[in-house]
Amino acid sequence: MSVRTDSSSTTHRAGFACFVGRPNAGKSTLTNALVGTKVAITSTRPQTTRHTVRGIVHRPDAQLVLVDTPGLHKPRTLLGERLNDIVRATWAEVDVIGFCLPADQKLGPGDRFIAKELAGIKKTPKVAIVTKTDLVDPEQLASQLIAVDQLGKELGIEWSEIVPVSAVGDNQVALLADLLVPLLPEGPALYPEGDLTDEPEQVMVAELIREAALEGVRDELPHSIAVVVEEMLPREGRPENKPLLDVHATVYIERPSQKGIIIGPKGARLKDVGTKSRRHIEALLGTPVFLDLHVKVAKDWQRDPKQLRKLGF
Ligand SMILES: Nc1nc2c(ncn2[C@@H]2O[C@H](COP(=O)(O)OP(=O)(O)OP(=O)(O)O)[C@@H](O)[C@H]2O)c(=O)[nH]1
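Structural notes, computed from the coordinates. (Residues numbered from 1 in each chain as written. Predicted model: local features only at pLDDT ≥ 70, side-chain atom pairs only at ≥ 80, totals over all residues.)

### Topic: the overall build of the protein chain
Helix and strand content of the protein chain: nine helices and nine strands. In the protein chain, buried positions account for 35% of the 313 residues. Long-range pairs, those at least 24 residues apart, make up 69% of the contacts in the protein chain between residues at least 6 apart in sequence. (Helix = DSSP H or I, 4+ residues; strand = E, 2+ residues; numbered from the N terminus. Buried ≥ 20, exposed ≤ 12 C-beta atoms within 10 Å, placed from the backbone. Contact = placed C-beta atoms within 7 Å.)

Okay, here's the thing in structure tokens:
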């Protein structure tokens, strides 16, 4: 007896996808849900993703490399302009774009602004992803799906798919991967199996610290925090079964007046930021960590090209 296998099942695909959408649309959370580990930072504050973080989905039939971009927005500072340039450059390079639209919010000018830009990128297939479906009832979801369909028609965008997902409720996340994969080109894996991201560890560690530093200073320091990891070194003289990684990092703020906010009374806040981010760093790197945090003022860094370069933008 002979068994014939369908040739399509042996085809391997590999390529890049990026999620776009207005701030807070759920792009980072979706990236994490697809990859299954914490690689992109999430926060309830908009515009927290500054670095392009790739998460990699490994499957027997495909490798899907996710590029998580910052939100496109009306630039007010030099940093804003650079972020928008990064976003557009990313869109032109990837194999498929996932446009994230939260189910619980009516389509607004922010979505249209992005959709118009997307309409200009003809070649790249676009999947509309209606996110956060756990926050709405079926009726609301249905009308959002219709609105997204209409938005596409109006602007001349042909959605390859329109998919509702909930990253938090893990609903349809696997289906989304199934729909993205056929849109990738045929080819061998681009990264070794087991790699979840090619972002240098130091950048990921810096992002984890920044995430913790942003928490709780909701309104005082919205986007004035940058974090640079100066050094990560294994502590010398430790027994082999008790390693310790020394991480030295600097939290940059824009003005001296912000120092008090970040440090808190008697240093309590900074200590809290250190404890929280250390736990995340240890989980990420799988080793105990000693975290040494400093706060420095880099005057108006968001507007200063020299400072921006130094801080990695
Ligand atoms: N209920 C619910 N909340 C979600 C879901 N996905 C994301 N969120 C929440 O929405 C907020 C924003 O999510 P992010 O993933 O950080 O959004 P983002 O689009 O990456 O945001 P930026 O980095 O600002 O561009 C966070 O508080 C998430 O917890 C979801 O499926 N369901």
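On we go.
### Structural notes on the nonpolar core
Core analysis: the biggest nonpolar cluster contains 39 residues, and Cys 18, Val 20, Val 96, Ile 97, Phe 99, Cys 100 and Ile 129 have the highest contact counts within it. Mapped by element, the contributors of at least two residues to this core are β1 (13-20), α1 (27-35), β3 (62-68), β4 (96-102), α3 (109-119), β5 (126-131) and α5 (173-180). For Val 96, the contacting residues outside a window of four places in its chain are Ala 17, Thr 124, Pro 125, Val 127, Leu 180, Leu 183 and Leu 184. (Core = buried A, V, L, I, M, F, W, Y, C linked by C-beta atoms within 7 Å.)

### As for unusual backbone geometry
Unusually for a residue other than glycine, Lys 132 sits at a positive phi of about 60 degrees. Note on Lys 132: 23 C-beta atoms within 10 Å, which makes it buried. Of note in the backbone geometry, Asp 170 takes a positive phi value of approximately 45 degrees without being a glycine. Summarising the element assignment, Asp 170 is placed in the loop between β6 (159-164) and α5. A residue is classified by how many C-beta atoms lie within 10 Å of it, and Asp 170, with 11 of them, is exposed.

### So, the packing of helix α6 (residues 201-214) against helix α8 (residues 268-285)
Axis separation between α6 and α8 bottoms out at 8 Å; the angle between their running directions is 145 degrees. The element α6 and its partner α8 pack so that their crossing is right-handed. Residues Glu 201, Met 204, Val 205, Leu 208, Ile 209, Ala 212 and Ala 213 of α6 touch α8, and the partners they reach there are Val 273, Lys 276, Ser 277, His 280, Ile 281, Leu 284 and Leu 285. Residue classes in the contact of α6 with α8 are distributed as ten nonpolar, two polar and two charged. (Axes fitted to C-alpha atoms, helices over the stretch in contact; angles between N-to-C directions. Left-handed = near helix turned anticlockwise from the far one by under 90°. Nonpolar A, V, L, I, M, F, W, Y, C, P; charged D, E, K, R; others polar.)

### Focus on the sheet that holds strand β8 (residues 245-253)
Judged by pairing direction, the sheet is mixed, and its three strands sit side by side in the order β7-β8-β9 without closing on themselves. One side of each edge strand has no neighbouring strand; the edge strands of this open sheet are β7 (226-234) and β9 (289-297). Here the strands of the sheet are splayed against their neighbours by 15 degrees on average, with no regard to which way each runs. On the sheet, α6 packs against β7 and β8 and is oriented at approximately 130 degrees with respect to β7. (Pairing = 2+ DSSP bridges.)

Functional significance is not addressed by these values, which are geometric in nature.
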